[in-house]
There are 2 protein chains.
Amino acid sequence: MELNERMKTILTAVVHRYITTAEPVSSGIIAQKYNLNLSTATIRHEMYLLEKNDYLWQPHTSSGRIPTDRGYRFYVDNLMVKNYLKEKEKREIIQIYKKSKEFEETMRITSQLLSNLTNNIGVVLAPVIYNNIVKNIQFVSVGNNRILTVIVTDTGLVCQKIISVSGEINTDRLSYLSNFINSKLAEKDINITNLNNILMDELDKIISFQEKFNYIHNFLEECFEIGYSENKVYLDGRINIMKHPEFKEIDKLNYILSLIEEENILAATIRGYLGFRKTKIIIGKESKLKEMQNCSLVTSEYRIKGKSAGAIGILGPTRMDYPRMVSIAEYISDKLSEILSEF
Amino acid sequence: MELNERMKTILTAVVHRYITTAEPVSSGIIAQKYNLNLSTATIRHEMYLLEKNDYLWQPHTSSGRIPTDRGYRFYVDNLMVKNYLKEKEKREIIQIYKKSKEFEETMRITSQLLSNLTNNIGVVLAPVIYNNIVKNIQFVSVGNNRILTVIVTDTGLVCQKIISVSGEINTDRLSYLSNFINSKLAEKDINITNLNNILMDELDKIISFQEKFNYIHNFLEECFEIGYSENKVYLDGRINIMKHPEFKEIDKLNYILSLIEEENILAATIRGYLGFRKTKIIIGKESKLKEMQNCSLVTSEYRIKGKSAGAIGILGPTRMDYPRMVSIAEYISDKLSEILSEF
DNA sequence: TTTAGCACTCTCCCTATGAGAGTGCTAAAT
DNA sequence: ATTTAGCACTCTCATAGGGAGAGTGCTAAA
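Structure report, in brief. The structure presented is a predicted model; accordingly, all values stated were derived computationally and were not measured.

## Looking at the overall build of chain A
Next up, step 1: On a plain count of helices and strands, chain A comes out with 13 helices and 10 strands.
Next up, step 2: Going through the 343 residues of chain A one by one, you find that 53% of them count as buried.
Next up, step 3: In the structure as shown, chain A presents an accessible area of about 16,000 Å², 48% of it carried by carbon and sulfur atoms.

Below is the structure:
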């Protein structure tokens, strides 16, 4: 069924009203607060039709209406008007970002910003690096048979990992290795994902007659695992969700808290929605995760030097101010892209 | 007032019973489950005295008794019997630790172990390094005018920080710097706290006529800030606390959740209790933090190569199984000390 | 000093009741 | 053909009352 203009207006009104009050919306309130010049009876009738088509629902027979997931979806796709941030807010955000010169801190600040601006949970996925081209590899001996491997990629990201080796690797051999590797890197664009295979092949050719230490193999294999490791998640604003009336009941709170506890699951979910469009909105049951039934997630991708790197997310109740969430997500992800590209 | 033996027995019984059931303990239950060969009336009388002395309290006139903070404190100091872990549990813990070869992962595993074993919140403070002696400093150029500074300490800890420099620092100059610094380090034991001052003095002597680049100063100052930075906190088991009936009411949950949200505050609190005794127990209002009113905290120090390094903590409701919490905290901190000393 | 007995208190659960909010439906008005 | 006024109906929520049950405090007897 196609919604007529009046139904769209009423659906929009219900969504807006419900987002601000968290109470079921009655026909009377709509007639009173949104000047549609219609009687409550007429509005009631339209609401009845909207309910029949699964855009609205009632908690009980004689109560007002609440948008369904489908109602929110229709609103988000067809009715909502972007609500750009005020200049003042933008300036404040820039100001806060200026405090940080470090990568880690920038990530932390981003998740804090998200949670503070939205009163929801802010999530930031650290940049993925497996598609980055390796510019440079260096080895630093840090004692006790441990080597710190430092990989620098084309987008300027630095990955570090400490590797324990069984035997002793002396400095000469390490610098020989790093010179060799870096000379190979200069010849072609190797990304972190296939770094391992390509370099191993090359190494095999020379190591076979140069020296027979197996542990160099193992050592390098460990080094190059860097790219595969799960990426860090920065999460802030857990208490924010307790402010929302929908989580007053301990069971619903439990659901969302268990979602947050398992940061990896949340991260994988967000990562799963990456690509295609910059910003995505996942509403309630649209997610396969049962813990997300009562939640919506707004994600937005960020880029480093034009290359897709990671994503930020806003997690809150389905009853969220979508226009504002989207504006914030997009503004923050743009700013983050800029900042990380400058590093 | 001095407690007589019978009062101690009854207090112990009340604590044990309340810890397992979370319900006010009646005189009847004590008479029935703990064979004291006393009538309920006698027990009732003793409980009345215990209440008068603030070891027990009643939620309302005609209900059973609950231990007060003071009651728990007396129990913990005088009555409780350590409850060592079973060999099987110890083996499982060792098994889990074996999976990890990395520092970060070891920390994460520790907080997970704490939360899983105790059904409470597990906290691990990363080692502090300001009192460590600096063995070695190395600089790695990572492009875009950024230098990765790596400091290795006597206890084998590795601190890293990426510094942005305004001008370009070439490789020769960097290696000159690091050679110079490391030669100075070899002469005396310098810990991270006074690293800055001592080295700056030395540098001033030579830099003044060698070269006049101010940014080297700034650069080094930034490098040596590593030691002062707040230490990381690893936290696990947030949902665990929702299982406890004392947090069924959303307000009390709010308190403790806000405590967890501010990891730094929790970390500072734990750090404040460090020293003197290996293991400490803080019960309810004994803490100055109002968020901790309904919680207890068990902390235990760990060491790296004999040197006090950090602490682990268990955070849960005041109604916790103290003997078990203490045993777990001590066992885990010992194991962690061993593992980190081997790194 | 300990205990049996009993009145008393408080919670918890169930039920009833009435007010209030909001709907669905129908018949009249536009 | 739409829209609206009117009204009966439904459901929630807050309040009060009453009875059962748990547990205490007190007193007098053992």
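## Let's talk about the protein's contact with DNA strand C
Next up, step 1: Taken together, 18 residues are adjacent to DNA strand C, and S27 of chain A together with R6, T42, T61 and S62 of chain B come closest.
Next up, step 2: The separation between a phosphate oxygen of DNA strand C and a polar side-chain atom of S27 of chain A is 2.7 Å.
Next up, step 3: The side chain of R6 of chain B places a nitrogen or oxygen atom 3.0 Å from a phosphate oxygen of DNA strand C.
Next up, step 4: Ranked by residues supplied to the surface near DNA strand C, first place goes to helix α3 (residues 40–52) of chain B with 3 residues.
Next up, step 5: Considering only residue class, the surface near DNA strand C consists of 2 nonpolar, 12 polar and 4 charged.

## A short note on the interface of chain B and chain A
In many analyses, interface size is given as the accessible surface area lost on bringing the parts together.
Next up, step 1: If you look at the interface, chain B gives 31 residues, while chain A gives 31 residues.
Next up, step 2: Taking both partners together, chain B and chain A bury about 2,800 Å²; carbon and sulfur atoms supply 60% of that area.
Next up, step 3: Summed over the three residues of chain B that lose the most area to chain A, namely M242, I250 and E261 of chain B, the buried surface amounts to 21% of that side.
Next up, step 4: Where chain B touches chain A, the interface holds 0 salt bridges.

## A closer look at the protein's contact with DNA strand D
Next up, step 1: Taken together, 18 residues are adjacent to DNA strand D, and S39, T42, T61 and S62 of chain A together with S27 of chain B come closest.
Next up, step 2: Counting only the atoms of DNA strand D that lie within 4 Å of the protein, the sugar and phosphate share comes to 73%.
Next up, step 3: Take T61 of chain A: an N or O atom from its side chain is 3.0 Å from a phosphate oxygen of DNA strand D.
Next up, step 4: Counting residues per element, the surface near DNA strand D draws most heavily on helix α3 (residues 40–52) of chain A, which supplies 3 residues.
Next up, step 5: Among the residues making up the surface near DNA strand D, the classes are represented as 2 nonpolar, 12 polar and 4 charged.

## Side note on the sheet that holds strand β9 (residues 295–304) of chain B
Residue and element names in this part refer to chain B.
Next up, step 1: Taken in spatial order, the 5 strands make up an open sheet running β7-β3-β10-β9-β8, and their pairing is antiparallel. The sheet terminates laterally at β7 (233–236) and β8 (279–283), the two strands that pair on one side only. When the angles between neighbouring strand axes are averaged without regard to direction, this sheet yields 15°.
Next up, step 2: Pairing analysis gives 4 bridges linking strand β3 (residues 121–125) to strand β10 (residues 307–317), with the strands arranged antiparallel. Considered in β10, the bridge of I121 is made with L315.
Next up, step 3: Helix α6 (residues 103–118) contacts β3, β7, β9 and β10 of the sheet and is inclined by roughly 35° relative to β7.

Cut-offs and rules
- Residues numbered from 1 in each chain as written.
- Chains lettered and ligands numbered in written order.
- Predicted model: local features only at pLDDT ≥ 70, side-chain atom pairs only at ≥ 80, totals over all residues.
- Heavy atoms only, no water.
- Helix = DSSP H or I, 4+ residues; strand = E, 2+ residues; numbered from the N terminus.
- Buried < 20%, exposed > 50% of the residue type's maximum accessible area, 1.4 Å probe, protein only.
- Areas by Shrake-Rupley, 256 points an atom, 1.4 Å probe, with all protein chains shown as cover.
- Near = heavy atom within 4 Å.
- Polar contact = N/O pair within 3.5 Å; in protein donor to acceptor, adjacent residues only side chain to side chain.
- Nonpolar A, V, L, I, M, F, W, Y, C, P; charged D, E, K, R; others polar.
- Contact = heavy atoms within 4.5 Å.
- Buried area = accessible area lost by both parts, 1.4 Å probe.
- Salt bridge = Lys/Arg side-chain N within 4 Å of Asp/Glu carboxyl O.
- Pairing = 2+ DSSP bridges.
- Axes fitted to C-alpha atoms, helices over the stretch in contact; angles between N-to-C directions.

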